[in-house]
Amino acid sequence: MPTATDNFFERVYQVARLIPEGKVTSYGAIARYLGAAKSARMVGWAMNGSKAKDVPAHRVVNKKGLLTGKHHFEGTNLMQQLLENEGVEIIDNQIQNLTNCFWDPTTELR
DNA sequence: TGGTTGACTAAGT
DNA sequence: CACTTAGCCAACC
């Protein structure tokens, strides 16, 4: 049943789908873009429901470029493998050259 | 109904 | 520089 919160989730999914390959963004960045700057956790929770969607949740990481959500994926290193497959260098569950790979919707998406 | 949890982030100690 | 506290808010028990 659709509710106001589903709308927020849908917005999160939509932004996540716009993330280019080889790029990543943060939960806070998406939340800020949606006007819910302080609800970064909700973005993460929304990602939890993105499993049934075509949302590249593996491109969404925390602000430090750390793959905090990798445990929610099937494998232990699936998230990392997906990102590396797109050209993102990851070491010890953390994205390297994050500045080069970071994609901020508030800046890039306008 | 109400307290705990969490894929976050910033600020404080 | 590592750990803690605080704020946020929906989902879960």
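The structure displayed is predicted, hence computed values, not measured ones.

So, how was this worked out
- Residues numbered from 1 in each chain as written.
- Chains lettered and ligands numbered in written order.
- Predicted model: local features only at pLDDT ≥ 70, side-chain atom pairs only at ≥ 80, totals over all residues.
- Heavy atoms only, no water.
- Near = heavy atom within 4 Å.
- Polar contact = N/O pair within 3.5 Å; in protein donor to acceptor, adjacent residues only side chain to side chain.
- Helix = DSSP H or I, 4+ residues; strand = E, 2+ residues; numbered from the N terminus.
- Nonpolar A, V, L, I, M, F, W, Y, C, P; charged D, E, K, R; others polar.
- Buried < 20%, exposed > 50% of the residue type's maximum accessible area, 1.4 Å probe, protein only.
- Contact = heavy atoms within 4.5 Å.
- Phe/Tyr/Trp six-rings, centres within 6.5 Å; stacked < 30°, edge-to-face > 60°.
- Core = buried A, V, L, I, M, F, W, Y, C linked by side-chain atoms within 4.5 Å.

S.K.: Is there a simple way to explain the protein's contact with DNA strand B in this structure?
M.R.: In the vicinity of DNA strand B lie 16 residues, with Arg 41, Met 47, Asn 62, Lys 63 and His 72 positioned nearest. Near the protein, within 4 Å, the atoms of DNA strand B are sugar or phosphate in 50% of cases. Met 47 is positioned with one of its backbone polar atoms (N or O) 2.8 Å from a base nitrogen of DNA strand B. Within the backbone of Lys 63, a nitrogen or oxygen atom sits 2.7 Å from a phosphate oxygen of DNA strand B. Mapped onto the surface near DNA strand B, the elements with two or more residues apiece are helix 2 (27–33) and helix 3 (40–48). Here the surface near DNA strand B is composed, by residue class, of six nonpolar, eight polar and two charged.

S.K.: Please explain unusual backbone geometry as it appears in this structure.
M.R.: Across the chain, the bulk of peptide bonds are trans and the bulk of non-glycine residues have phi less than zero. Within the chain, Asp 92 stands out as a residue other than glycine whose phi angle is a positive 55 degrees. Looking at the element boundaries, Asp 92 is found in the loop between strand 3 (90–91) and strand 4 (94–95). The class for Asp 92 is exposed, based on a relative accessible area of 65%. Backbone geometry at Asn 93 places phi at a positive 65 degrees, although glycine is not the residue there.

S.K.: Help me understand the side chain of Arg 59 in this model?
M.R.: With respect to the helices and strands, the residue Arg 59 is situated in the loop between helix 3 and strand 2 (60–61). There is a polar contact of 2.8 Å between the side chain of Arg 59 and the backbone oxygen of Ile 19. Those residues in contact with Arg 59 that sit more than four places away from it in its chain are Ile 19, Pro 20, Glu 21, Lys 23, Val 24, Thr 25, Leu 83 and Glu 86.

S.K.: What is the right way to look at the packing of aromatic side chains in this model?
M.R.: The geometry of an aromatic ring pair is captured by two quantities: the separation of the ring centres and the angle between the planes. All chains considered together, the criterion is met by two aromatic pairs. Pairing Phe 8 with Phe 9 gives two aromatic rings, centres 6.4 Å apart and planes at 65 degrees, and the pair type is edge-to-face. Ring geometry for Phe 9 against Tyr 13: centres 6.3 Å apart, planes inclined by 90 degrees, an arrangement best described as edge-to-face. Taken together, the residues Phe 9 and Tyr 13, both in helix 1 (residues 4–17) and four residues apart, mark about one turn of the helix. Through pairs of rings, three or more aromatic residues link up here, namely Phe 8, Phe 9 and Tyr 13.

S.K.: Got a minute to help me understand the environment of Asn 48 in this structure?
M.R.: Structurally, the position occupied by Asn 48 is in helix 3. On the basis of relative accessible area, Asn 48 is assigned to the partly exposed category, the value being 33%. Taking the C-alpha atoms as reference points, Asn 48 and Gly 69, separated by 21 residues in sequence, lie 9.2 Å from one another.

S.K.: Explain the nonpolar core to me, please; I cannot follow it from the model alone.
M.R.: Grouped burial of nonpolar side chains is what soluble globular proteins tend to show. Among the nonpolar cores identified, the biggest contains 17 residues, and Val 12, Ile 30, Val 43, Met 47 and Val 60 are the most heavily contacted of them. Counting only elements with at least two residues in this core, the list comes to helix 1, helix 2 and helix 3. Residue contributions to this core peak at five residues, all from helix 1. If we ignore the near neighbours within four places in the chain, the residues touching Val 60 are Ile 19, Thr 25, Ser 26, Tyr 27, Ile 30, Met 47 and Met 79.

In short, shape yes, function no, at least from these values alone.
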